[in-house]
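What follows is each chain in one-letter form.
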Amino acid sequence: MVKIKILQISLMLFVSTSLFAEKTEGIEFFHGNWEEAKTKAQKEDKLLFIDFYTQWCGPCLNMAKTVFVLPEVGEFYNSKFVCLKIDAETGEGKLLAKKYAVRSYPTYAFVNPVNEKIVHRSGGRKSSEEFINVGKAALQPQTTSEYILSQYNEGNRDQDFMISYVRYMSSIYKRDALRAGFDEIIKNGGKLTELVIWKLYNDCISGYDNPYLKEVSDNYNKFVELFGKEEVDKKLAKETQYCSEEIMVNLCDFEGKEFNIRLKKISDNIYFKKDYTQAIKSIDALLVDSTLNKQKVIDRLKFMVRLNKRYGTDYPDEWFYKCVEYLRYIAYNDTTRDDVRIHYDYALALEMMLERSAKTGVEVPENFKAAPELGKKEYSSRPTELKMKPKYRKR
């Protein structure tokens, strides 16, 4: 039965990747050389858009498979730019990557084809909306990276400009720079209670190791009055996911606080105390707690119960088999059916369980030979919200 489940998982992975393969609309990349691309861009009065990638870069492949192929992305980029995909480690790509100081992947470079200078630079994994916004920024002189960096270096600290600066630093994952920029905004008179500053904080400043989280907590009622309880609670819950219980108990009460405390205790029992018995009791309690959103439980739990094959033999039986059980629950019940990682983790766990059984001679536990006790009883690629087709009687 276990082998059958592995085959089911393989089929699900095939279906997921096949869905990506069916998408044919998207960015139309130019296949000529650099000189030909420049000539084409000049003739069409467009900027060059370059996706610098490598063949080993995971985020590069993810963007190519899930974002570049989207019709709305293609419609925008094809109309505004001459688009190139350049392998930064082969042929002409090595020279261009050096010319444009490409040091991380993917890097998105927007180049003036006349003088060959970069006007805007970005990078990393983006949603389709974020990626289109990157392109829009390249088309407006005062939102390009070259303008923003030059203005900052020249001492521009106007609040509107600094907001653009912080958002750009956030978009390229420069955590220290964006935090320093936000601190400057506050130092120069910006207030967290201003809507524009709150939105900037909400979107760009993460973590609990800053004075702003405490300010929100200490003035909770005021922030709720200004921005709404749901939005304030969501921000507090997000930024305190991984802080210690000692810090958490001194914060105001907000929706999600007790949940974060419960998850932090589980994490501590797994990683620091190695108290797997208590961790199991706590996780089991989460899974049967009807007051909790099970998808939120899954989203946090899936990182805690992964099994690493390299260290697989070090897991005690009690924790090992419970992790396989939890990974099965996640694979069966996660509402994001196209998240390949959860199915990979489950397949890996089943493979490790078979190897463990062959090595020790101990049979696979009986509970894996029957339908799960909790959640869905069958393993399916169908989204949760998709109802089954009704059966009609033959007349």
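## What about the state of the cysteines?
Applying the stated rule across the entire model yields one disulfide. Through a disulfide, Cys 57 is tied to Cys 60; the S-S separation comes to 2.4 Å. Handedness here is read from the sign of the S-S torsion; for Cys 57 and Cys 60, about 85°, the answer is right-handed. As far as burial versus exposure is concerned, Cys 57 and Cys 60 are alike and both buried. For Cys 243, which is in no disulfide, the shortest distance to another cysteine sulfur is to Cys 252 and amounts to 12 Å. With relative accessibility at 14%, the residue Cys 252 sits in the buried group.

## Regarding the packing of helix H17 (residues 294–304) against helix H18 (residues 317–333)
At a closest axis distance of 10 Å, the pairing of H17 and H18 adopts a crossing angle of 135°. Of the possible angle classes, the one that applies to H17 and H18 is oblique. Regarding H17 and H18, the two cross each other, and that crossing is left-handed. Residues Lys 294, Gln 295, Ile 298, Leu 301, Lys 302 and Met 304 of H17 lie in contact with H18, whose contacting residues are Trp 319, Tyr 329, Ile 330 and Asn 333.

## Overview of the packing of helix H10 (residues 195–204) against helix H13 (residues 229–239)
For any two helices packed against each other, one specifies the inter-axial angle together with the distance between the axes. Where H10 meets H13, the axes come as close as 10 Å, and the angle between the chain directions of the two elements is 40°. Taken together, the axes of H10 and H13 are oblique relative to one another. Pair H10 / H13 crosses with left-handed handedness. Here Trp 198, Tyr 201 and Asn 202 of H10 lie close against H13, whose contacting residues are Glu 231, Val 232 and Lys 235. Split into classes, the residues belonging to the contact of H10 with H13 amount to three nonpolar, one polar and two charged.

## Focus on the packing of aromatic side chains
Considering all chains together, one arrives at 28 aromatic pairs under this definition. With 6.2 Å between their ring centres and 40° between their planes, Phe 49 and Tyr 108 make a pair best called tilted. Here the residue Phe 49 occupies a position in strand E1 (residues 47–53), and Tyr 108 occupies one in strand E3 (residues 107–111), the gap between them amounting to 59 residues. Residue Phe 49 is classed as buried on the basis of its relative accessible area, which comes to 0%. Ring plane angle 5° and centroid distance 4.8 Å describe the contact between Trp 198 and Phe 227, whose orientation is recorded as stacked.

## Quick notes on the sheet that holds strand E4 (residues 118–123)
Taken in spatial order, the four strands line up as E2-E1-E3-E4 in an open sheet, and their pairing is mixed. The open sheet terminates on both sides in strands that have one partner only, identified here as strand E2 (81–87) and E4. Between one strand and the next, the sheet's axes are offset by a mean angle of 20°, whatever the strand orientation. Alignment of E1 against E2, held across seven bridges, turns out to be parallel. The partner of Phe 52 across the bridge, within E2, is Ile 86.

## Focus: helix H16 (residues 276–288)
The end-to-end C-alpha separation of H16 is 18 Å, in line with the 18 Å expected for 13 residues at 1.5 Å each. Of all the positions in H16, only Tyr 276, Ala 279, Ile 280, Ser 282, Ile 283, Leu 286 and Leu 287 are classed as buried. Elements that come into contact with the buried residues of H16 comprise helix H15 (257–271), H17 and H18.

## A word on a nonpolar patch on the surface
Together, Tyr 208, Tyr 242 and Ile 247 line one region of the surface with nonpolar side chains, adding up to about 310 Å² of accessible area. Here Ile 247 lies in helix H14 (residues 245–249). A residue is classified by how much of its surface remains accessible, and Ile 247, at 35% relative accessible area, is partly exposed.

What counts, and where the lines are drawn
Residues numbered from 1 in each chain as written. Predicted model: local features only at pLDDT ≥ 70, side-chain atom pairs only at ≥ 80, totals over all residues. Heavy atoms only, no water. Disulfide = S-S within 2.5 Å. Buried < 20%, exposed > 50% of the residue type's maximum accessible area, 1.4 Å probe, protein only. Axes fitted to C-alpha atoms, helices over the stretch in contact; angles between N-to-C directions. Helix = DSSP H or I, 4+ residues; strand = E, 2+ residues; numbered from the N terminus. Parallel < 35°, antiparallel > 145°, perpendicular 65-115°, else oblique. Left-handed = near helix turned anticlockwise from the far one by under 90°. Contact = heavy atoms within 4.5 Å. Nonpolar A, V, L, I, M, F, W, Y, C, P; charged D, E, K, R; others polar. Phe/Tyr/Trp six-rings, centres within 6.5 Å; stacked < 30°, edge-to-face > 60°. Pairing = 2+ DSSP bridges. Expected span 1.5 Å × (residues − 1). Patch = residues over 30% accessible without salt bridge, like charges linked within 9 Å, V, L, I, M, F, W, Y side chains within 5 Å. Areas by Shrake-Rupley, 256 points an atom, 1.4 Å probe, with all protein chains shown as cover. Salt bridge = Lys/Arg side-chain N within 4 Å of Asp/Glu carboxyl O.

By themselves, these observations are geometric and do not establish any function.
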